[in-house]
Structure formats: C-alpha cells, structure tokens
Amino acid sequence: MITLYDWELSANCYKVRLLMSILGLDHHAVPVDFYPGWEHKSAEFAKINPLGHIPVIDDDGYVLRDSHAILVYLAARYDKSGRWYPVDDPEVLGETASWLLFAEGTTNTASAARLYVNLGYDFDIDAVRAGAHRLFGVLDEHLWFREREGLDWVTSSPHPTIADLALFPDVALSEEGGVSREDYPALRRWTDRFRQIDGFTVMPGIFAPSRAAPPG
Ligand SMILES: N[C@@H](CCC(=O)N[C@@H](CS)C(=O)NCC(=O)O)C(=O)O
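Every value quoted in this text rests on a predicted model; they were computed, and no experiment measured them.

The rules behind these values
- Residues numbered from 1 in each chain as written.
- Predicted model: local features only at pLDDT ≥ 70, side-chain atom pairs only at ≥ 80, totals over all residues.
- Heavy atoms only, no water.
- Helix = DSSP H or I, 4+ residues; strand = E, 2+ residues; numbered from the N terminus.
- Rg over C-alpha atoms; globule rule 2.2 N^0.38 Å.
- Contact = heavy atoms within 4.5 Å.
- Areas by Shrake-Rupley, 256 points an atom, 1.4 Å probe, with all protein chains shown as cover.
- Lys, Arg positive; Asp, Glu negative; His and termini not counted.
- Charge placed at Lys NZ, Arg CZ, Asp CG, Glu CD.
- Salt bridge = Lys/Arg side-chain N within 4 Å of Asp/Glu carboxyl O.
- Buried < 20%, exposed > 50% of the residue type's maximum accessible area, 1.4 Å probe, protein only.
- Near = heavy atom within 4 Å.
- Polar contact = N/O pair within 3.5 Å; in protein donor to acceptor, adjacent residues only side chain to side chain.
- Nonpolar A, V, L, I, M, F, W, Y, C, P; charged D, E, K, R; others polar.
- Axes fitted to C-alpha atoms, helices over the stretch in contact; angles between N-to-C directions.
- Parallel < 35°, antiparallel > 145°, perpendicular 65-115°, else oblique.
- Core = buried A, V, L, I, M, F, W, Y, C linked by side-chain atoms within 4.5 Å.
- Domains from an automatic or database assignment.

Participant: Outline the overall build of the chain, supporting the account with residue identities and numerical values.
Facilitator: The helix and strand tally for the chain stands at seven helices and four strands. Scaling as 2.2 N^0.38, a compact globule of 216 residues should have a C-alpha radius of gyration of about 17 Å, and the chain matches this with 17 Å. The long-range share in the chain, meaning contacts at least 24 apart out of those at least 6 apart in sequence, stands at 65%. Total accessible area on the chain stands at roughly 10400 Å², and carbon and sulfur atoms take up 53% of it. Both charge centroids of the chain, one from 19 positive and one from 32 negative side chains, sit 2 Å from each other.

Participant: Give a description of the pattern of salt bridges that names residues and reports values.
Facilitator: Considering all chains together, one arrives at 10 salt bridges under this definition. For Arg-146, the salt bridge goes to Glu-95, with nearest N and O atoms at 3.6 Å. With Arg-146 in helix α5 (residues 125–148) and Glu-95 in helix α4 (residues 90–119), the pair connects residues that are 51 residues apart, well separated along the chain. Given the relative accessible area of 10%, Arg-146 is considered buried.

Participant: Quick rundown of the site of the ligand? Include the residues and the values.
Facilitator: The environment of the ligand is made up of Ser-10, Asn-12, Phe-34, His-40, Lys-41, Gly-52, His-53, Ile-54, Pro-55, Asp-66 and Ser-67. Ile-54 has a polar backbone atom sitting 2.7 Å from a nitrogen atom of the ligand. The contact in question runs from an oxygen atom of the ligand to an N or O atom on the side chain of Ser-67, over 2.6 Å. Considering the ligand on its own, with 490 Å² of exposed area, one finds that the protein chains cover 77% of that surface. Here the residues of the shell around the ligand are counted per class, giving three nonpolar, six polar and two charged.

Participant: Before we move on, can you summarise the packing of α5 against helix α7 (residues 185–195) with the specific residues and values?
Facilitator: Two elements in contact, α5 and α7, have axes separated by 7 Å at closest approach and are oriented at 70°. One way to sum up the angle between α5 and α7 is to call them roughly perpendicular. Note on element contacts: α7 touches α5 through Pro-185, Ala-186, Leu-187, Arg-189, Trp-190 and Arg-193, opposite Phe-136, Leu-139, Asp-140, Leu-143, Trp-144 and Glu-147. Considered class by class, the residues forming the contact of α5 with α7 number eight nonpolar, no polar and four charged.

Participant: Residues and numbers for the nonpolar core, please.
Facilitator: Here is a general trend for soluble globular proteins: nonpolar side chains tend to be buried in one another's company. Within the largest apolar cluster, 55 residues are counted, with the highest numbers of intra-cluster contacts made by Leu-74 and Trp-84. Counting only elements with at least two residues in this core, the list comes to β1 (2–6), α1 (11–23), α3 (67–78), α4, α5, α6 (162–172) and α7. For this core, the two domains that each supply at least three residues are domain 1 (2–78) and domain 2 (90–195). Counting nine residues, the second-largest nonpolar core is a separate cluster that includes Tyr-5, Trp-7, Phe-34 and Phe-45.

Participant: Tell me about the side chain of Glu-147, and name the residues and values.
Facilitator: Here Glu-147 lies in helix α5. Classification of Glu-147 by relative accessible area gives buried; the value is 16%. Setting aside anything within four residues of it in sequence, one finds Glu-147 in contact with Ala-186, Arg-189 and Arg-193.

Here is the structure:
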C-alpha cells in the first residue's frame, strides 16, 4: 500500500493523487498540517523529508520525495499501458523530461503567486506573475502548434504523459494567484481536454469536467 504525506490544498500533492486516481492505485493518506501548523517543518517530519516539503510517498518501505520524481516512479512501476512515462520511446521520454523541468518553472511562478495570495508567502508578486505569463505564453504557443499537427498534449505522443499531468495543476489554479489565462486559448483548451481523462479527480479550486465538448 502506498502512503502519501499529503495536504489537500497542495498542488504538488494533488499531482500525486491525480496520477494514482488515473492509474487506479489505492493509497493511504497521512494529512500533514501544512498551514497553519507548519508540520512539514517539524523535527518529526524531518525524519521523513529533511528538506521539509511535501509530497512524500512510502511504498511498502520505499520512501520518495518530490512530486515529479514520484510521478516518474509511480508511472514506471504501475502504469500497465506504458503511456504516462513511455520508457520505450526515447523521443517522447526526452520531451517528457523537458516539460517536467518546465513545470518546475510554473511551480516557482504561477504556484508561488497562489501561495502569496492564499498564505501570505513573501514573494516579489509582480516578478512571479510576470514569470508565469512568460511560461504560459510559451506553453500556449507550443500547444497551438501541437493542435495544428493533430496532437492534444505537450509531447509528440498521442497520449498524455506525466508532463501534462505535472503542468496541469499550476495552470488550472493560476487564477487564484491572479494569473489570468484569458490570453491563452490553446492552454484553456488543453486544460479542458485534461479534465476529460478517465480517472480525473478534483481538488479545491479545480472543478469536475464538463461533459460538453471543449470550447473550440
Ligand atoms: N520540488 C518539490 C517541491 C514541493 C513543495 O515545494 N511543496 C510545498 C507544498 S505544495 C512545500 O512543502 N513547501 C514548503 C517548503 O518548501 O518550505 C516537489 O515538486 O514536490
């Protein structure tokens, strides 16, 4: 059984819950009182992750931190379709790694803006919002070209990968941080497509899929 050290409002924890839901994996959640308790900074939690952040998983004694590393592990170990982390396709795998790194950027900008607004984190809000818009612009243009090729996702695979999944929460929650998606139509279409994936699950601020066709 997989144990997830979790906080409901964390976008990084949600990434892990989302993949487990899509893959149909059971898990046991250990809630971490992130706010206002700052339990992730306690001496007790430092034994689990000395870096003091969540998510962390414990899969029958195999302990792993960092959401993207956890996505790689879970997909490589448990995705029978082999599509979410396609180890047999070097090109898609390379693109997946590249977009996972890009997703670190959206976390440091779009997600940081959300932490500033919701939890009062001390960030240069203008700088993080500007950074989010720069990355959203790049992603929107990339997805627009993918659509022209008849492809729906960030890599050249016809299927979504963990790169799409890693990017989705920061994009979908961006309005909470005051980062509008109004100027990014391809990005909005991609989030609508992502919500339609079997096994999709929600978190506060991210809503259930509309079964209507995505806007054109
Ligand atoms: N690179 C890590 C970052 C995780 C992260 O920053 N998590 C937040 C919660 S969403 C956290 O624990 N922040 C506390 C801190 O880093 O001090 C990941 O992707 O899991």
